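What follows is the residue order along each chain.
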Amino acid sequence: MKNKKTLANEEIKHLAKLSALDLTDEEIEKYGDQLSETLDYVENLNELKTATVKEAHSVTESKDVFFEDGAENKRSLKEEIVFRNSKKTKNSQFVVDRILKS
Amino acid sequence: MIDMKDYVPVIGLEIHVELSTKSKMFCQCSADFFGKRPNSLVCPVCLGLPGALPVPNKKAVEWTVKIGKALNCKINPESKFDRKHYFYPDLPKGYQISQYDEPIAVGGFLEANKKKFRIHRVHLEEDTGKLTHEGKDSLVDFNRSGVPLVEIVTEPDFTNSEDVVAFLKELHTIIKEYLQVSDANMDQGSMRLEPNISIKKVDDKNLPNYKVEVKNINSFNFVKRAIEFELKRQLELLQKGETPIQETRGFNEKKGITVPQRTKEGAEDYRYFPEPDIPPLSFTQKYVEEVEIPELPAQKTKRYEKNYNLREHDAFILTRDGKMATYFEKVMEEIRDKAKGQKVANLIINKKIDSTASVKELTEKLKDQSEGRKTDLGSLESAIVAVLEGHPKEIKEYQSGKENIIMFFVGQVMREMKGQANPQVVKQELEKKLKK
Amino acid sequence: MNILGKSYVELLGLLNSKKISTKELHEYFSKREKKYNKELNVFLTLAENPGVEGEMPLAYKDNYNTEGIRTTASSKVLDSYISPYDATVVERLKKSKTYVFGKTNLDAWAHGASTETSDYGATKNPWDTSRVPGGSSGGSAAATASYLMPATIGSDTGGSIRCPASWCGVVGLKPTYGRVSRYGVIAMGSSFDCPGPLSWHVEDCALLLSHMAGFDPYDATTSSKPVPAYMEKLNAEKKLKIGIAESFFENVDKEVKKKIEEALEILRKMGHIEKKIKMLNPKHALSAYTILQRSEVSSNLGRYDGIRYGNDRSFFKEEAKKRIMLGTYTLSHGYYDQYYKKAQKVRALIIEDFKKAFDDVDIIIAPSTPSTAVKLGEFKKYPFFGEQMDILNEPANVSGIPSINIPVGLDSKRLPVGMQIMGRQFDEETILNVSYKFQRETNFFNMRETLLKKYHD
C-alpha cells in the first residue's frame, strides 16, 4: 500500500501559485509523487544531531565586502541594449498588462 | 481630536527613507533618479538581468548606522541581508534584498511632544522600480530600482494623530537637516509613511487582535487626516460590536478617506532566507563609537534655552533649520553677549535677517531695533520742553536728588513722541536739560 | 600541422611562436564542428566572428553571459536572449587572448546530471552515443572529449563539471567556492556555483584557472586571497597523505572501485601514502544540497517573468518547475526550520568534517560517480536524478572545497571511469599537481588517443 504522499495535491497547487507557475492536473499529480519521494529521502538529515550547531550561511568566512559610494559606473546600459531583449515597450518603459490594484 | 469614549488608539509607524547616496544600494548606477528619462539609470544588477550579482554600498550602510544611533538604538554587532520574495512587475529579481532577523539597529526611541516613542528597528533594503498605469497597460521604469531605502519601524506607542505628526516632523528634521542623509521629501516619495492603526479598550492590557495598515499618505497634513478618518471608522465598527478587518487600506486625498486595497488571501509568505550573494556585516564597538552624529535638535534646543535664555518655542524654531541654527550660533559667538540671545533669535525667526547676512549687518539691525528708530531731535526738543513744563513738582524732586525720577520723564517723553524715539537718547537729552 | 589532441597550452605556444594562426585554428575546429556536432549535439550557438590573430578559441557552457552572443541556459525561456554583457570569467579569458568560439549545451538552468533536460535536445556521450555525457556541463565535457574544442569552460554546483568529465573521460576542475567570480554566470545555487575548466590535459586546467581566478569587485563572494602561480607549481615535488573514506565507496560499481584502486596503487608507487579516514556519509550532503540548492534555485529563477527579457514562466519545463516548487516549499512558512534551517546546520557539520579530515590528510580521493555513463532516458527512473547521480560530488560543493576529476581507465563496456581528488580550501595547487604528475605517469591510459581514433579529422 502506498503511503500517504508527503505533498498533497492541494499543497502542490499552493506551491505552484507561490512560484507563479501554471500546472496542469496531470503535472500536479506527477510532480506531487516525485517531490514527495524527494522529501522522504531528505529526512535522513534528522539522523544528525544539530541542536547546538550554528547554521552555515556560507562556506566562506568573508565579511564586510562593499563598494565605495560614487565609484565610476562601468556597467551602465545604453537604451538600445536595455530594450533589446524585451517584447513590449512604450515611452522608454517596459509594458505589462494592466495590474489591478483595488 | 475625536472623543474615543472608553477606547484608546494603538498606532505604530513604518517609515521608509530613501538615502541620498550618489550610487544605488547594490550597483554603481546613479541614485539621483528623480525626473530622469525612464530606464536610463540601469545596469545588469538593478535591472535583474541573468547572472548579475549585488555588492553593498558602504556609505548606505554607514548612514543606516547613523540613523540608528540618532534614534538611540543598539547597533547589532552582526547583521546581514536577506531575500524577501514576491512577484510584482516593479521587482526585477522576484525578490527584494532587505533585512529580516538581523537588522542593523534595534531598540531605540525618539522624543516628540515631550513624550518618548520607542523604535523597534531600523534596517536597510533596496527600493523597487516604479509602476504607472496607462489605459490597458502598466508601464515600468527601473530608475528607482536598487536605490537605498532605510526602513524605520516604531512600537505601537502612539495614541493620537498630533503625536504622530510631531514625531514625524522631528524625525524629518533629524534625517534631512541634521544627519543630511536624505531629502526626506514626502511629496517626491523620498520619505514614505505607513501607519498601523487599531483601537483597544482603555483597560485592555493586550494589543488589539487586528491592525489596519494605511498606504499612500503623501504629506504631514494628510497623515493627520488619514489617522483621524481611520480612528473614526474603526470606532464606529467597534461600537457596533464588530471587529475591523485586518487589511491594507489606501488614503484617498481628494475625499480624505481610506479605502480598502485588494486583499490577498492569507498573509503573504515572503520565504525569507539569508542573501547568499552578500557576506554578513559586522559592527565593532569601536566602529559604532566612531560613527559621528552631530548634536541633535532636541539637545540643541535645550542648550539654546539654557545658554542663550531663549524661549522654548523660539529655540525649537531655530533648531528646525540647520542653516538657521548654525548662523545663530555664529552670530552669538561673535557678539559674545548671551543676553542678546532672544533678540537675535527674534531677528532671525521673524526673517528680519537671513543666514547669508554678515554678523556686522545683524548687529547693526540689532542696534536699530533695540534703540528704536532714529530719533528726530527737533520733535524730541519740543516734547521734552512740553513734558518739563507740565511737571514742575517732579523737576524739583529730581534736582533735590531723586535721580531715578528721570525714568518717569523718559516715559512721559516717549508718550509724547508716540514711541518714536530712542529711550537712551531721550534720557541723555533730559539729563542735559535737567542738569542746567 | 597535426592539431588533433594537442593541449590548449601547446596550441597557445604554437600560436605565440606563429607556427600556427588563429585563422587555421578557427577553420580546423569549425570543420570538426560541422563533422560531428549533428551527432553529438554539443554546440547550441556558434559565434559569428572568428577571433583576432593571436587568440585561442574557447567554448563556454551556455549559462555564461557572452556579450552580443545568444545565451540560453538551454531553456526556451531565454531562446532568443542576446547577452548585454560579458561574464567576468569571459572578460578575463578574453584579456588572456581567447575568443568565444561557441556556447555548449547543458541541462536547462544547469539542473541535472545528464544534459537531457536541455530544451534543445540531449548531448550524446562521445564514447557511446546511446548514453549520456553526464551533466549539467555535458556539452562542454563532450566537446572536450571529442576534441571539438581544445578546452572548455563549465560550472560545478553539485558535480556539474566532475560528473560529465568523469563520464566523458576528461579532466574537469571544480575550484574552491569563491576562487572564481560568478558574475555573469546565470545563477543556479548561489552558495554552490563554481565556474571551472575542462580539458584532456591537467596543464590546461591550471593555465585557464590562473586566468580566471581572483577577487572580483562585482562578486562579493570572491576571495581576496592571492592567486598562486598554478603552472609553476605543477611539477613541484610533493609527498602527500591521501585520505580514503569508506562511506564514499558505498553503493559504487565494482568496476569503478577496481579502477580507483588501481589508480591508488599508482599513486602509492609515486610516493604518496594512504590513510583510512572516517567521514560523514555522503547521503547527508546529498540531502542538504538538494534542499539548499533547490531553495536558492526557486529564488534565482524568480526574475524570469518575461517583462524585461525572455519568455514568460510558461516556458519553464518539468525539471525547472519541480525544482522551483520544492525550493519554494522548503523556504515556506512552517517548513523553513524543518528543511532549510536544518540543511544549513548539516552544512556546518559537513564543513567541519572536512576541516577535521584535512588536519589529518592532504587530499581525499573518491570516485566521482557511483557508476559509468548511463543510457539515455535512464534519468526518468529516479525522483531526483540530478542530485542522486552526484551523491559523491556534492560533499565538495556543500563544504566549498576544490575537487578535480581525472580519468583513470575504461570499464568493461569501454566507458570512462572518473576519480576525484578533493583538496583543502584554496589548495587547487596540490590537487592540480597530483593530477598533473598522474597524467605524466600514465597518460591517462591512452584514453585520449583511443577516443580520438573515433573522432578523427
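Keep in mind that what you see is a predicted model, and the values were worked out from it rather than measured.

**Some words on the nonpolar core**
Membership of the largest hydrophobic core comes to 240 residues, with the highest contact counts inside it found for Ile15(B), Ile67(B), Ile152(B), Phe167(B), Trp109(C), Ile365(C) and Leu432(C). For this core, the element with the most residues is helix α11 (residues 337-360) of chain C, which contributes eight residues. Look past the residues within four positions of Ile15(B) in its chain and what remains in contact with it is Val150(B), Glu151(B), Ile152(B), Phe167(B), Leu168(B), Leu171(B), Met191(B), Arg192(B) and Leu193(B). Counting residues in each nonpolar core, the second largest holds 21 residues, with Tyr308(B), Met324(B), Ile335(B) and Ala357(B) among its members.

**Some words on the pattern of salt bridges**
Pairing of side chains with opposite charge becomes possible as their charged atoms draw close. Scanning the entire structure with this criterion turns up 74 salt bridges over all chains. With its nearest N and O atoms 2.7 Å apart, the salt bridge here joins Asp82(B) to Lys80(B). For Lys80(B), a relative accessible area of 7% gives the class buried. One salt bridge in this structure joins Lys215(B) and Glu194(B), with 3.8 Å as the shortest N-O distance. Of the two residues, Lys215(B) sits in strand β12 (residues 212-215) while Glu194(B) sits in strand β11 (residues 191-201), which places them 21 residues apart along the sequence. Here the residues in one salt-bridge network are Lys30(A), Arg294(C), Glu318(C), Glu319(C), Lys322(C), Arg323(C) and Glu387(C), joined through shared partners.

**As for the interface of chain C and chain B**
Taken together, the contacts link 35 residues of chain C with 29 residues of chain B. For the chain C and chain B pair, buried surface summed over both sides reaches about 2500 Å², with 59% attributable to carbon and sulfur atoms. The partner of Arg182(C) in a salt bridge is Asp277(B), and the shortest N-O contact between them spans 2.9 Å. Scanning the region where chain C abuts chain B turns up 18 residue pairs in polar contact (both at pLDDT 80 or more). Of all the elements in the fold, those that place two or more residues in the side of chain C that touches chain B are α9 (282-300) and α10 (318-331) of chain C. The biggest single contributor to the side of chain C that touches chain B is α9(C), with four residues. Each residue belonging to the side of chain C that touches chain B can be placed in one class, and the counts come to 17 nonpolar, 12 polar and six charged.

**Remarks on the packing of helix α2 (residues 25-41) of chain A against α10(C)**
Contact pair α2(A) / α10(C): the axes reach a minimum separation of 10 Å and the direction vectors enclose 55°. Here α2(A) is positioned oblique relative to α10(C), judged by the angle of their axes. Seen along the crossing, α2(A) lies across α10(C) with a hand that is right-handed. Listed contacts from α10(C) to Glu27(A), Lys30(A), Tyr31(A), Gln34(A), Leu35(A), Thr38(A) and Leu39(A) of α2(A) are Glu318(C), Lys321(C), Lys322(C), Met325(C), Leu326(C), Tyr329(C) and Thr330(C).

**Let's talk about the interface of chain A and chain C**
Contacts between the two partners involve 50 residues from chain A and, on the opposite side, 59 residues from chain C. When the buried surface of chain A facing chain C is broken down by residue, Leu45(A), Val59(A) and Asn85(A) rank first, second and third, together holding 14% of it. Applying the counting rule to chain A against chain C returns four salt bridges. Lys355(C) is the salt-bridge partner of Glu61(A), the closest N and O atoms lying 3.5 Å from each other. At the boundary of chain A with chain C, the tally comes to 25 residue pairs in polar contact (both at pLDDT 80 or more). At the level of elements, α1 (9-18), α2, α3 (79-84) and β2 (93-97) of chain A are the ones that each hand at least two residues to the side of chain A that touches chain C. At nine residues, the largest contribution of residues to the side of chain A that touches chain C is made by α2(A).

**Quick notes on unusual backbone geometry**
Cis geometry marks the peptide bond from Gly135(C) to Ser136(C); its omega dihedral reads 10°. Positive phi, close to 55°, is recorded for Asn39(B), a residue that is not glycine. Along the chain, Asn39(B) falls in the loop between β1 (7-18) and α1 (58-70). According to the relative accessible area criterion, Asn39(B) is buried, its value standing at 2%.

**Describing the side chain of Asp82(B)**
Residue and element names in this part refer to chain B. Within the secondary structure, Asp 82 sits in strand β4 (residues 82-85). For Asp 82, a relative accessible area of 1% puts it in the buried group. Within the structure, Asp 82 has its side chain in polar contact with the side chain of Lys 80 (distance 2.7 Å). For Asp 82, the contacting residues outside a window of four places in its chain are Gln 96, Ile 97, Ser 98, Gln 99, Tyr 100, Asp 101, Tyr 272, Phe 273, Pro 274 and Glu 275.

**Considering the side chain of Lys322(C)**
Secondary-structure assignment places Lys322(C) in helix α10. Among residues more than four places away in sequence, those in contact with Lys322(C) are Tyr31(A), Gln34(A), Leu35(A), Arg294(C) and Pro383(C).

**Comments concerning the packing of helix α6 (residues 312-320) of chain B against helix α8 (residues 341-349) of chain B**
Residues and elements named next belong to chain B. Relative to each other, α6 and α8 sit at 50°, their axes nearing to 10 Å. When the interaxial angle is binned, α6 and α8 end up oblique. Handedness of the crossing formed by α6 with α8: left-handed. Each of Asp 314, Ile 317 and Leu 318 in α6 lies in contact with α8, whose residues at this interface are Gln 342, Ala 345, Asn 346, Ile 348 and Ile 349. Grouping the constituent residues of the contact of α6 with α8 by class yields five nonpolar, two polar and one charged.

**Some details on the sheet that holds strand β6 (residues 105-112) of chain B**
Residue and element names in this part refer to chain B. Across the sheet, which stays open at both edges, the nine strands sit in the order β2-β6-β7-β10-β1-β11-β12-β13-β14 with mixed pairing between neighbours. Each of the sheet's edge strands pairs with one partner strand only, and the pair in question is β2 (74-75) and β14 (257-260). Two elements, β1 and strand β10 (residues 148-154), share five bridges in a ladder whose sense is antiparallel. Looking across to β10, one finds that Glu 18 is bridged to Leu 149. Contacting β1, β11, β12, β13 (247-252) and β14, helix α3 (residues 220-239) crosses the sheet at an angle of about 25° to β11.

**Notes on the environment of Tyr382(C)**
Counting through the fold element by element, Tyr382(C) comes out in the loop between β9 (363-367) and α12 (385-389). Excluding residues that lie within four positions of it along the chain, Tyr382(C) makes contacts with Gln34(A), Gln388(C) and Met389(C).

**Re the sheet that holds β2(A)**
Spatially, the four strands line up as an open sheet ordered β1(A)-β2(A)-β9(B)-β8(B), and their pairing is antiparallel. What marks the edges here is a single partner per strand, and that holds for β1 (89-90) of chain A together with β8 (130-134) of chain B.

**Brief notes about the packing of aromatic side chains**
Residue and element names in this part refer to chain B. Per the stated rule, a full pass over the model turns up 37 aromatic pairs over all chains. Considering the side-chain rings of Phe 117 and Phe 158, the 4.3 Å spacing of their centres and the 10° angle between planes classify their relative orientation as stacked. Here Phe 158 lies in the loop between β10 and α2 (161-178) and Phe 117 lies in strand β7 (residues 115-126), a separation of 41 residues in the sequence. The exposure class assigned to Phe 117 is buried, which follows from its relative accessible area of 2%. With 5.6 Å between their ring centres and 50° between their planes, Phe 222 and Phe 251 make a pair best called tilted.

Conventions and cut-offs
Residues numbered from 1 in each chain as written. Chains lettered and ligands numbered in written order. Predicted model: local features only at pLDDT ≥ 70, side-chain atom pairs only at ≥ 80, totals over all residues. Heavy atoms only, no water. Core = buried A, V, L, I, M, F, W, Y, C linked by side-chain atoms within 4.5 Å. Buried < 20%, exposed > 50% of the residue type's maximum accessible area, 1.4 Å probe, protein only. Helix = DSSP H or I, 4+ residues; strand = E, 2+ residues; numbered from the N terminus. Contact = heavy atoms within 4.5 Å. Salt bridge = Lys/Arg side-chain N within 4 Å of Asp/Glu carboxyl O. Buried area = accessible area lost by both parts, 1.4 Å probe. Polar contact = N/O pair within 3.5 Å; in protein donor to acceptor, adjacent residues only side chain to side chain. Nonpolar A, V, L, I, M, F, W, Y, C, P; charged D, E, K, R; others polar. Axes fitted to C-alpha atoms, helices over the stretch in contact; angles between N-to-C directions. Parallel < 35°, antiparallel > 145°, perpendicular 65-115°, else oblique. Left-handed = near helix turned anticlockwise from the far one by under 90°. Pairing = 2+ DSSP bridges. Phe/Tyr/Trp six-rings, centres within 6.5 Å; stacked < 30°, edge-to-face > 60°.

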